[in-house]
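# Observations on chain architecture
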Amino acid sequence: MTTPARPAWRRAAGAVLPWLPVLLLLGTARAWWARLPDRVATHWSGFGRPDGFGSATVLLTATLAVAAVGALAATVAAYRARPATAAAWLVPAGGMLAGGATGLWLTTATATLAGGTAAEARLGWRFLWLLAGLSWGSVVLVVAGRDPAGPGAEAPAPGPGLTLAPGERAGYTTTLHSRLLIGVTAGATVLIAVAAMTATPALWPVLAVPIVAGLALGEVRLTVDRRGVRLVAGLIGLPLKRIPLAAIVSATAAEIDPMAWGGWGYRVKPGRSALILRAGPGLVLHLADGRRFAVTLDDPETPAALLNALRARITDRPA
Amino acid sequence: MLFRVDPAAPVPLADQIAAQVRGGVVRGELTPGERLPPARELAGVLEVNLHTVLRAYARLRDEGLIELRRGRGAVVRGDADANRLRVVELARAFVGEARRLGLAEPEMLAMIKEVKP
């Protein structure tokens, strides 16, 4: 199994497609500018009269700037993003930003044009321009292609093992802490609580999100033994993941780049999943179904060697 | 950290487990404040009786290496001193070897006094 390179035309598509909304924005601005009043409606709280207004020049400049930044980011990411897997989401994200900004321009500009003056502008169905613009990101994603495969998709030969005596029992346990995650969730909890108290009581239920995330991933216990690999949320004892030993082909220690695995936290991507609490050393499991699972921890060589030794024990045993 | 026990070895399983934790502290794999795996979990991992693990943890507590707290489990003590522990381990080896040779306690103490610079 080898890693297919992203085809050149897909890469080019990822670099070019995010610029189409920018061209559309420039073209429509040129065509409509003479008819567009100086003051345009920029905000609606429903389908009735607008409740926010702004200068047409500011609207055009702002949306054009955002769209251009999004498109530029996508182009740079398509050719420069390291690792290449980061391009898989940076490129569509750039497309979405460019499309969204253009959609915002189209929505507000057409509403004001149709009404004649800013005060008469009606939103109507025009908000669909914005949705269409945002969904440009998905078009880019489909055409530019998903991430074909991460680095090291092929299962490597097991590294140096660990010698176990025939009747010896061995297990590895460690606790993973994520200061980043605890900090972020604590910060989010405070922010949401303050917002809920002062302005928006509807936010109270949202408070559960960072609290649950912090409880689930703030402290995780990893256990490796003859049964396989287990991850348990340490603070609440909730089992997060179980991988039976028989499903593991080999285990390796590797440097984990969160960008290559889809970010921080519990990540699931096609063909692989991971618990990423930081950048740095991690344990990568190559599974029998071709998938991979990674988890960041300080001393991945030890559990990797143990897993390979335990694995050798069950495969070497005569059937 | 890695735990390994061998039921075929002459050393009792609880002693083997306690030795693994001491080794972990000496090597710096276990740092003060770190939590040891819950006794029930470690018993499952090593396929030993829960009371075997509890006996090992109780001994480590008596040695001043860990604290056992209800609800928090076994935690490596803040004053767990890897250097002192290393010396204790050497003393343990010395006493074991001396016993094997049939030396009595006064003779061992005399030997220690002899090597004093």
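Up top you'll find the structure we're talking about.
Each chain has its residues counted from 1, running along the sequence as written. Here the convention is simple: chains get letters from A, ligands get numbers from 1, in the order in which they are written. With the structure being a predicted model, the display of local features is reserved for residues of pLDDT at least 70 and the display and counting of side-chain atom pairs for 80 or more, all residues being used for whole-chain, interface and lining totals.

## With respect to the overall build of chain B
Counting from the N terminus, the helices are DSSP H or I runs at least four residues long and the strands are E runs at least two residues long. Looking only at helices and strands, chain B has five helices and three strands in total. Each helix and strand of chain B, ordered N terminal to C terminal, gives the series β-α-α-α-β-β-α-α. We call a residue exposed when 12 or fewer other C-beta atoms sit within 10 Å of its C-beta, buried when the count reaches 20 or more, and partly exposed for counts in between; the C-beta positions come from the backbone. Expressed as a percentage of its 117 residues, the buried residues of chain B come to 25%. If you take every contact in chain B between residues at least 6 apart in sequence, the share linking residues at least 24 apart comes to 55%. What counts as a contact here is a pair of residues whose C-beta atoms, placed from the backbone, lie within 7 Å.

## A look at the overall build of chain A
Counting secondary structure elements, chain A contains eight helices and eleven strands. Counting all 319 residues of chain A, 37% fall into the buried class. Counting contacts in chain A only where the partners sit at least 6 residues apart, residues at least 24 apart contribute 63% of the total.

## Describing the pairing of strand 1 (residues 2-5) of chain B
Judged by which residues are buried, strand 1 of chain B turns out to be one-sided: B:Phe3 and B:Val5 face inward and are buried, whereas B:Leu2 and B:Arg4, on the alternate face, are not. Pairing between two strands is assigned when DSSP locates at least 2 bridges connecting them. As judged from the four bridges shared by strand 3 (residues 169-177) of chain A and strand 1 of chain B, these two strands associate in the antiparallel manner. Residue A:Ala170 lies in a different strand from strand 1 of chain B, and its bridge partner there is B:Arg4.

## Looking at the pairing of strand 11 (residues 292-296) of chain A
All names here are of chain A. Counting buried residues along strand 11, five of its five residues qualify, which places the element largely inside the surrounding structure. Here strand 11 shows two buried faces, one formed by Arg292, Ala294 and Thr296 and the other by Phe293 and Val295. As paired elements, strand 9 (residues 272-276) and strand 11 share four bridges and run parallel to each other. Each bridged residue has a counterpart across the sheet, and for Arg272 the counterpart in strand 11 is Arg292.

## Thoughts on helix 2 (residues 20-32) of chain A
For the α-helix, the turn length of 3.6 residues means that residues three or four positions removed from each other point alike. All names here are of chain A. Here a helix's expected span is defined as the number of its residues, less one, multiplied by 1.5 Å. In this model, helix 2 (13 residues) spans 18 Å end to end at C-alpha, consistent with the 18 Å of a helix rising 1.5 Å per residue. Of all the positions in helix 2, only Pro21, Val22 and Leu25 are classed as buried. For helix 2, the angular spread of the buried residues around the axis is 105°, confining them to a single face. What points out from helix 2, more than 90 degrees from its buried face, is the exposed set Gly27, Arg30 and Ala31. Directions pointing from the helix axis toward each C-beta atom define the arc.

## Considering the sheet that holds strand 9 of chain A
Residue and element names in this part refer to chain A. Here we have five strands laid out as an open sheet, ordered 7-10-11-9-8, and mixed in their pairing. Two strands in the sheet have a free side with no partner beyond their single neighbour: strand 7 (248-256) and strand 8 (265-269). If you compare each strand with its neighbour and ignore which way they point, the axes differ by 15° on average. Axis definition: a line fitted to C-alpha atoms, limited for helices to the stretch in contact. Angles are taken between N-to-C directions and run from 0 to 180 degrees.

## Quick word on the nonpolar core
A:Leu283, A:Ala294, A:Val295, B:Ile17 and B:Val21 are the most contacted members of the largest nonpolar core, which totals 55 residues. When residues in this core are grouped by element, the largest group, six residues, is from helix 1 (residues 13-26) of chain B. Setting aside its immediate chain neighbours within four residues, A:Ala294 contacts A:Ile256, A:Trp261, A:Ala274, A:Gly282, A:Leu283 and A:Val284. Core membership is restricted to buried Ala, Val, Leu, Ile, Met, Phe, Trp, Tyr and Cys residues, and these are joined into a nonpolar core through C-beta atoms within 7 Å. In terms of nonpolar packing, the next biggest core, distinct from the first, is built from 37 residues, A:Val40, A:Ala56, A:Leu59 and A:Ala121 among them.

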